[in-house]
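These are the residues of each chain, in order.
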Amino acid sequence: AVLPGVARAGAMQDDKVTPEEDATSYNNFYEFGTGKEDPKEQAKDFQPMPWSVNVEGMVKTPRPYTFDELLGKLPVQDRVYRMRCVEAWSMVIPWQGVQLKDVITRLQPLPSAKFIEFTTLLDPKRMPGQRRAVLPWPYKEALRMDEANNSLTLLATGMYGKALPNQNGAPLRLVTPWKYGFKGIKSIVKIRFTDKMPNTTWNDANPSEYGFYANVNPTVDHPRWSQGKERRIGEFLRRNTLMFNGYADQVASMYSGMDLRKNY
Amino acid sequence: MKSRFPALEAPVRRWVRPALWLLVVLPVPMLVAQLLLNQLGADPIDKLERLSGLWALRFLAASLAVTPLMRLTGWGWLVAQRRFLGLAAFFWALGHLSVYTVLDWFFDWAEIGKDIVKHLYITLGMLAFVLMIPLALTSTKASIRRLGGVRWNRLHALVYVSAIAACFHFVWAVKKDITQPIFYGTVVAVLLAFRVVWRIDRRSSSRSVSGDTQSKPVG
């Protein structure tokens, strides 16, 4: 079901779901190559299962969890979300997954935990893109605990009603639709709870261009791309980018009082 | 100049122009066909933008390669290919700019203006193109006669600035994996390095031998 906020988001009522073919053949997943078409080709032999996720840090029982231990029996969500890439293109993708907050409840972090950090699989044998040091591997991303517990935040295991394709981050990825796409870390093997703001990969690689928060914000220009407009994949004319990618109702309150120009 | 590869010279001279024409024009129907057959991926505009820019840079680098090739072979007639390749680079750059203006931004002048002012790689791309305009306009034999060899050469030295700007435009247009821009940047750097070496060479030799080399086309 589409979230109420998604359907209501004014200017974007004409959101049409991006063709599955486009969403699965146009990917930024540098672990499988830096070209947009590379991941589909280079990830085709990747075997995601069996999968386990190491839970670490400020949490009741730090230990490895199997895929089923982590997600099993949690209510599965259907969410149609806009995805806005920092490169100024966007898609609309139907995801299936569980709310991250349900997983967090299951894992029982300590009250001292303020951030949650995710790490992608590091295995250059299975992820050929990691044989070149394009980014400081492994890929890491993180959220503040309130962001992680926001009901929009999803740990996706599927899209278009099917298991998550390898090139889209199988078997388990993060989806935070009000943030630029690079926050949506793929093929997660580690979840760590911590009280310090973790380093994140793109921020490490290029701090002047990519911040920790990475909230979609048409008023804060990226040094490389104008962020005021975006091209929806499959459309010709650019459309205006909305504050928080159109999810301001659900997320803006988390950032009240923060200077979003500094905390980009 | 003395011809160094006499056996090769006649066939190359015969075929070089048709071959270059093919090379310059062929990507157009190929790209149009790919576009119509939906072979340019999920964001065909972005792909067209990249590919047209890449062809412009390739021909720009090729035009810079002519003078070293002339020195190597002693084939003075190659100089005409230099202008041909320069024009090819200009028209591909024009195509690249058209994709950007029409397909990417659809004449959204406000956004285009902001893009040029705020994003250095766009500024440099525009600079690279604008510098090519006077070169394209004076690419005829009549222009060379009118301006005279020395002035024409001096004007066309702008191609060096344009090429350097184009290379940085490419490097900064890329998000992280700069393998390709580094490759083309290295090619252009090597081709420009020839000019620097020749200039130093000439300066040191003109101290011992008094002779006016200034009036010869230097590329």
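Rules and cut-offs
- Residues numbered from 1 in each chain as written.
- Chains lettered and ligands numbered in written order.
- Predicted model: local features only at pLDDT ≥ 70, side-chain atom pairs only at ≥ 80, totals over all residues.
- Heavy atoms only, no water.
- Helix = DSSP H or I, 4+ residues; strand = E, 2+ residues; numbered from the N terminus.
- Rg over C-alpha atoms; globule rule 2.2 N^0.38 Å.
- Buried < 20%, exposed > 50% of the residue type's maximum accessible area, 1.4 Å probe, protein only.
- Contact = heavy atoms within 4.5 Å.
- Lys, Arg positive; Asp, Glu negative; His and termini not counted.
- Charge placed at Lys NZ, Arg CZ, Asp CG, Glu CD.
- Salt bridge = Lys/Arg side-chain N within 4 Å of Asp/Glu carboxyl O.
- Polar contact = N/O pair within 3.5 Å; in protein donor to acceptor, adjacent residues only side chain to side chain.
- Pairing = 2+ DSSP bridges.
- Axes fitted to C-alpha atoms, helices over the stretch in contact; angles between N-to-C directions.
- UniProt positions renumbered as here; feature names shortened; annotations may be inferred.

A closer look at the overall build of chain A
Consideration 1: Secondary structure assignment for chain A yields 8 helices and 12 strands.
Consideration 2: For 264 residues, the compact-globule formula gives about 18 Å, and the C-alpha radius of gyration of chain A, at 17 Å, lands near that figure.
Consideration 3: C-alpha extents for chain A along the principal axes are approximately 50 × 45 × 40 Å.
Consideration 4: Each of the 264 residues in chain A was classed as buried or not, and the buried ones make up 58%.
Consideration 5: Intrachain contacts of chain A at a sequence separation of at least 6 include 71% that bridge at least 24 residues.
Consideration 6: Positive and negative charge centroids in chain A, built from 36 and 29 side chains respectively, lie 2 Å apart.

Brief notes about the side chain of A:R173
All names here are of chain A.
Consideration 1: Inspection of the secondary structure assignment puts R173 in strand β9 (residues 173–175).
Consideration 2: One buried charge, R173, has no salt-bridge partner; the nearest side chain with opposite charge is E31, at 11 Å.
Consideration 3: At 3.0 Å, the side chain of R173 and the backbone oxygen of N168 are in polar contact.
Consideration 4: R173 has contacts with W95, L154, L155, A156, L164, N168, G184, I185, K186, S187 and I188, leaving out every residue within four places of it along the chain.

Details of the sheet that holds strand β10 (residues 188–194) of chain A
Residues and elements named next belong to chain A.
Consideration 1: Ordered in space as β2-β1-β10-β5-β6, the 5 strands form an open sheet in which the pairing is mixed. Sheet topology places β2 (63–66) and β6 (140–144) at the edges, where each strand pairs with a single neighbour. Averaged over all neighbouring strand pairs, the angle between strand axes comes to 20°, with direction disregarded.
Consideration 2: The pairing of strand β5 (residues 115–120) with β6 spans 5 bridges and is antiparallel. By the bridge assignment for β6, F115 is matched with R144.
Consideration 3: Helix α5 (residues 100–107) contacts β1 (52–57), β2, β5, β6 and β10 of the sheet and is inclined by roughly 105° relative to β5.

Here's the deal with the UniProt feature "domain: Ferric oxidoreductase" (unreviewed entry) in chain B
Consideration 1: Annotation from UniProt places "domain: Ferric oxidoreductase" (unreviewed entry) at residues 53–167 of chain B.
Consideration 2: Helix makes up 87% of residues 53–167 of chain B and strand 0%, and the two end C-alpha atoms of the span are 11 Å apart.

Remarks on the UniProt feature "transmembrane region" (unreviewed entry) in chain B
Consideration 1: Annotation from UniProt places "transmembrane region" (unreviewed entry) at residues 20–41, 53–72, 84–107, 119–137, 157–175 and 181–198 of chain B.
Consideration 2: Span residues 53–72 of chain B is 100% helix and 0% strand, its end C-alpha atoms 29 Å apart.

A look at unusual backbone geometry
Consideration 1: Here the residue pair A:M49 and A:P50 is connected by a cis peptide bond, since its omega of 0° sits within 30 degrees of zero.
Consideration 2: Take A:P50: it is sitting in the loop between α3 (38–42) and β1.
Consideration 3: Look at the link from A:W137 to A:P138: it is a cis peptide, with omega at -10°.
Consideration 4: The topology assignment puts A:P138 in the loop between β5 and β6.
Consideration 5: Positive phi is not limited to glycine here, since B:N38 has a value of about 65°.

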